[in-house]
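Next come the chains, spelled out residue by residue.
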Amino acid sequence: MLNNERLEFLGDAILDAIIGDIVYKHFEGKREGFLTNTRSKIVQRETLNKLAVQIGLDKLIKYSSRSSSHNSYMYGNAFEAFIGAIYLDRGYKHCKQFIEEQIIDRYIDLDKISRKEMNFKSKLIEWSQKNKMEVSFELIEQFVDQDGNPVFQTEIHIEGLSAGTGTGYSKKESQQNAAQMAIKKVRDTVFLSTVHEIKSQRTIAAESTAEAEKKEDIIGEEEKDNLSETDGFSYALTDSRQENAEMETREGSLLSEKEIPQTISVAEPSLQGEKAETDEAGVPQNSLSTNRQTAK
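Attention here is on the structure that accompanies the text. (Residues numbered from 1 in each chain as written. Predicted model: local features only at pLDDT ≥ 70, side-chain atom pairs only at ≥ 80, totals over all residues. Heavy atoms only, no water.)

**Considering a positive patch on the surface**
Here's step 1: Together, Lys50, Lys112, Arg115 and Lys116 make up a positively charged patch on the protein surface.
Here's step 2: Of note, lysine 116 is situated in the loop between α7 (110–115) and α8 (120–131). (Patch = residues over 30% accessible without salt bridge, like charges linked within 9 Å, V, L, I, M, F, W, Y side chains within 5 Å. Areas by Shrake-Rupley, 256 points an atom, 1.4 Å probe, with all protein chains shown as cover. Salt bridge = Lys/Arg side-chain N within 4 Å of Asp/Glu carboxyl O. Lys, Arg positive; Asp, Glu negative; His and termini not counted. Charge placed at Lys NZ, Arg CZ, Asp CG, Glu CD. Helix = DSSP H or I, 4+ residues; strand = E, 2+ residues; numbered from the N terminus.)

**Digging into a negative patch on the surface**
Here's step 1: On the surface, a cluster of negative charge is contributed by Glu213, Glu216, Asp217 and Glu221.
Here's step 2: Following the sequence through the fold, glutamate 213 ends up in helix α10 (residues 189–276).

**Thoughts on the packing of aromatic side chains**
In this description, a pair of aromatic rings is defined by centroid distance and the angle of the planes.
Here's step 1: Under the definition given, this model contains two aromatic pairs.
Here's step 2: Seen in terms of ring centroids, phenylalanine 27 and phenylalanine 34 are 5.1 Å apart; in terms of plane orientation they differ by 80°. Their pairing is edge-to-face.
Here's step 3: Accessibility expressed as a relative area gives 25% for phenylalanine 34, which makes it partly exposed.
Here's step 4: On the numbers, 5.6 Å between centres and 80° between planes, the contact of phenylalanine 82 with phenylalanine 98 is edge-to-face. Residue phenylalanine 82 is found in helix α5 (residues 71–90), and its partner phenylalanine 98 is found in helix α6 (residues 92–107); the two are separated by 16 residues along the sequence.
Here's step 5: For phenylalanine 82, a relative accessible area of 28% puts it in the partly exposed group.
Here's step 6: For phenylalanine 98, a relative accessible area of 22% translates into the label partly exposed.
Here's step 7: Sitting over the ring of phenylalanine 34, lysine 30 keeps its end group 5.0 Å from the ring centre.
Here's step 8: Lying across the ring of phenylalanine 137, lysine 121 places its NZ or CZ 5.0 Å from the centre. (Phe/Tyr/Trp six-rings, centres within 6.5 Å; stacked < 30°, edge-to-face > 60°. Buried < 20%, exposed > 50% of the residue type's maximum accessible area, 1.4 Å probe, protein only. Lys NZ or Arg CZ within 6 Å of the ring centre and 35° of its normal.)

**Some remarks on the side chain of serine 128**
Here's step 1: Here serine 128 shows up in helix α8.
Here's step 2: On the accessibility criterion, serine 128 (6% relative accessible area) is buried.
Here's step 3: Among all residues touching serine 128, those that are not within four sequence positions of it are Met133 and Val135. (Contact = heavy atoms within 4.5 Å.)

**Description of the nonpolar core**
A general tendency of soluble globular proteins is for nonpolar side chains to be buried together.
Here's step 1: Residues Leu15, Ile19, Phe79, Ile99 and Ile108 are the most contacted members of the largest nonpolar core, which totals 28 residues.
Here's step 2: When contributions to this core are tallied by element, the ones reaching two or more residues are α1 (5–26), α2 (32–43), α3 (45–54), α5, α6 and α7.
Here's step 3: Residues contacting isoleucine 108, with those up to four places away along its chain left out, are Ile42, Leu51, Ile103 and Ile113. (Core = buried A, V, L, I, M, F, W, Y, C linked by side-chain atoms within 4.5 Å.)

**Observations concerning the pairing of strand β2 (residues 150–158)**
Here's step 1: Within β2, eight of the nine residues are buried, which leaves the element mostly enclosed by the surrounding structure.
Here's step 2: With nine bridges joining them, strand β1 (residues 135–144) and β2 adopt antiparallel strand pairing. By the bridge assignment for β2, glutamate 138 is matched with glutamate 155.
Here's step 3: Connecting the antiparallel pair β2 and strand β3 (residues 161–168) is a turn made up of two residues, with glutamate 159 showing a positive phi of about 55°. (Pairing = 2+ DSSP bridges.)

**Concerning α1**
Here's step 1: Compared with an ideal rise of 1.5 Å per residue, which puts 22 residues at 32 Å, α1 spans 31 Å between its outermost C-alpha atoms and is within 8% of the ideal.
Here's step 2: Buried within α1 are the following residues: Glu8, Gly11, Ile14, Leu15, Ile18, Ile19, Asp21, Ile22 and Val23. (Expected span 1.5 Å × (residues − 1).)

**Focus: α6**
Here's step 1: Here α6 is 16 residues long and its end C-alpha atoms lie 21 Å apart, about the 22 Å a rise of 1.5 Å per residue gives.
Here's step 2: By the largest-angle criterion, glutamate 100 marks the main kink of α6, which is about 30°.
Here's step 3: Three or more residues of α6 are buried, namely Cys95, Lys96, Ile99, Ile103 and Ile104. (Bend = angle between axes of the 7 residues up to and from the residue.)

Dropping the structure here:
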């Protein structure tokens, strides 16, 4: 079976350009962010699906049973392909005229849709940041439906408390659906009071932990200071001992130097006596006299 993916690609680009042109001229003086958000609300899948049904395009679509459950995408894709076909057949001018006269004027209130909140996830995150709440998005299940299409299920927790679940054919779609449910949930005073109570307990616990860590840091610094002082005292004691040892060594050396000359002076007379008893040839006289007696 033939598909319209190429026409969808072209129609998506043409639709963005034409809607951007219309929004730009309708909202004079508005900033770029506002214009982008308004255009996104018009060309998003939910809006295109609705437009396709309103103009009867859903009755002209042929699809396989595999794609039948995926109609949250199918009608919007068909609408984009339809716009692409008009552009190829009649050109940009006639395509823009068709969208303005047959789509915008009949089915879309630009002022109303510009005020409508569509990005529920962004709105929820903005609320959580303003109120300093912890919000988490968790993919809790992913499966395939009976026609083989992937399905995602997301759950949102606010301060650890479940606030809503959403299902979709993409993670983004499931998160948006879950966020939409969570936004409704936070408007419930009972749920909101429970969330605030949990937040207060978390804040107290966090402050206690921070205080304990601060005390540990102070104790650690004091122990380091005490250790440094002890090390300094040890070093001073060691230096003192070394100085005493060096002084004792120097005193011992001086004492030895004084004793050495006395030893030499005692030995010198003996040497002089021996020299006196030698003859001119250097032979001791005692030895000569002994030899003479032996000869006799």
